[in-house]
Amino acid sequence: MTQVGKWTLLEIVGQGAAATVWRATDFERTVTVKVADAADAKARQSLAHEGRILRQLEHPTLPRLIEIVETPPALVFESPPAQTYSELLSKGTLWTLPLSQRLETLSVIAAALDWLHDQNIIHRDVKPAHLTVTDPPLLFDFGIAQMIADTSPPDPDAGTAAYMPPPGEPVSIVRDAYAFAVTTYELLLGAHPLLVAADRDIAPGVLRQRAASKVLKDSWRKPSTVPHWELPPDLRSARLDRLDELFT
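No experiment lies behind these values; they were computed from the predicted model shown. (Residues numbered from 1 in each chain as written. Predicted model: local features only at pLDDT ≥ 70, side-chain atom pairs only at ≥ 80, totals over all residues. Heavy atoms only, no water.)

A. The arrangement of the overall build of the protein in detail. Within the protein one finds six helices and eight strands. Shown N-terminal to C-terminal, the secondary structure of the protein runs as helices and strands in the order β-β-β-β-α-β-β-α-α-β-β-α-α-α. Taking 248 residues into account, the globule formula puts the C-alpha radius of gyration at 18 Å, and the protein, at 19 Å, falls close to it. Along the three orthogonal principal directions, the C-alpha set of the protein runs to about 55 × 40 × 35 Å. Counting every position in the protein, which comprises 248 residues, the buried fraction comes to 44%. The long-range share in the protein, meaning contacts at least 24 apart out of those at least 6 apart in sequence, stands at 58%. By element, 54% of the accessible surface of the protein is carried by carbon and sulfur atoms, the whole surface being about 12800 Å². (Helix = DSSP H or I, 4+ residues; strand = E, 2+ residues; numbered from the N terminus. Rg over C-alpha atoms; globule rule 2.2 N^0.38 Å. Buried < 20%, exposed > 50% of the residue type's maximum accessible area, 1.4 Å probe, protein only. Contact = heavy atoms within 4.5 Å. Areas by Shrake-Rupley, 256 points an atom, 1.4 Å probe, with all protein chains shown as cover.)

As structure tokens, then:
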């Protein structure tokens, strides 16, 4: 496939469970195109759901939807693809960004989440992989977002386990707050506060239980306990004990 509507697909920049993300052009501008697998009913439903959510939202920190293509099922976003914070974390290059920029990103995303909640929408999948390293940063991927009033979402356990609260926690704005806290920790300290890399290979339900157990036992990685040599250079002189209570 090389064409979606009037858009020529140039290269794949992301691959998720429900869709493939492309850099595309109409030879006047470059955009981001998210294409669902037409043979996958769940992927088509997720894409259509994201389109319905974003069509009613307009905010500088959310991707601007400019077109919904029926065949193949696709969403076209105004901004071209951008690097994400997850990419910086995986490459070990997060510290090339000054602390001031990381804090500004977190401030902007926090305000965007407050705004979303005021619109009665829960994002449900906040994580570094869904935050762009741009000015302003963008919070994207609304494939599993839901209305706050929807107390019985079709898939309450959809999402990324490493950023989800313990099993049984009702779907509410608490889910976004929990995910934002974990994301904040990662953008400040470069690691997950509760899990290690090997944990991500275990079943999602077990992963969430493991994280919950560490919280209950107070055995998680508090900022003040991070060894000095593992800290980013711009935090080595900070009073990290002041962050312990905040993250708790």
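B. Representation of the side chain of aspartate 176. Turning to its location among the elements, aspartate 176 is positioned in helix 4 (residues 173–189). Here aspartate 176 occupies a buried position and makes no salt bridge, while the nearest side chain of opposite charge, arginine 175, is found at 7.0 Å. (Lys, Arg positive; Asp, Glu negative; His and termini not counted. Salt bridge = Lys/Arg side-chain N within 4 Å of Asp/Glu carboxyl O.)

C. Here's a closer look at the layout of surface pockets. If you add up the space inside the second largest pocket, you get close to 290 Å³. Lining of the second largest pocket is provided by 15 residues; of these, Tyr178, Leu194, Val215, Phe247 and Thr248 occupy positions nearest its centre. Where the lining of the second largest pocket is concerned, the elements lending two or more residues are helix 4 and helix 5 (204–216). Examining the composition of the lining of the second largest pocket, we find that five residues originate from one element, helix 5, more than from any other. Of the residues belonging to the lining of the second largest pocket, the class tally is 13 nonpolar, one polar and one charged. (1 Å grid on protein atoms, 1.4 Å probe; cavity = no way out; pocket = protein on both sides within 12 Å on 5 of 7 lines; lining within 4 Å. Points joined across faces, edges and corners; volume = space filled by probe spheres on them. Nonpolar A, V, L, I, M, F, W, Y, C, P; charged D, E, K, R; others polar.)

D. Representation of helix 4 in the model. If you check helix 4, its first and last C-alpha atoms are 24 Å apart, about what 17 residues at 1.5 Å a residue would give, namely 24 Å. With 13 of its 17 residues buried, helix 4 lies for the most part within the structure. In the stretch just after helix 4, glycine 190 is the one whose phi turns positive, near 80°. (Expected span 1.5 Å × (residues − 1).)

E. Up close: the packing of aromatic side chains. Applying the stated criterion across every chain yields a total of one aromatic pair. With a centroid separation of 5.3 Å and 75° between ring planes, the pair formed by tyrosine 185 and phenylalanine 247 is classed as edge-to-face. In this pair, tyrosine 185 is assigned in helix 4 and phenylalanine 247 in helix 6 (residues 241–247), connecting sequence segments 62 residues apart. Phenylalanine 247 carries the same exposure label as tyrosine 185, and that label is buried. (Phe/Tyr/Trp six-rings, centres within 6.5 Å; stacked < 30°, edge-to-face > 60°.)

F. Summary view of the pairing of strand 2 (residues 7–15). Two strands pair when backbone bridges link them, and strand 1 (residues 3–4) and strand 2 are joined in this way by two bridges, in the antiparallel orientation. Bridging from a neighbouring strand, glutamine 3 pairs with threonine 8 of strand 2. Taking the residues between adjacent antiparallel strands as the criterion, strand 1 and strand 2 are bridged by two residues, where glycine 5 takes a positive phi near 60°. One ladder, built from six bridges, connects strand 2 with strand 3 (residues 19–25); its direction is antiparallel. Note that in strand 3 the partner of glycine 14 across the bridge is valine 21. Where strand 2 folds back on strand 3, the antiparallel hairpin that results is connected by three residues. (Pairing = 2+ DSSP bridges.)

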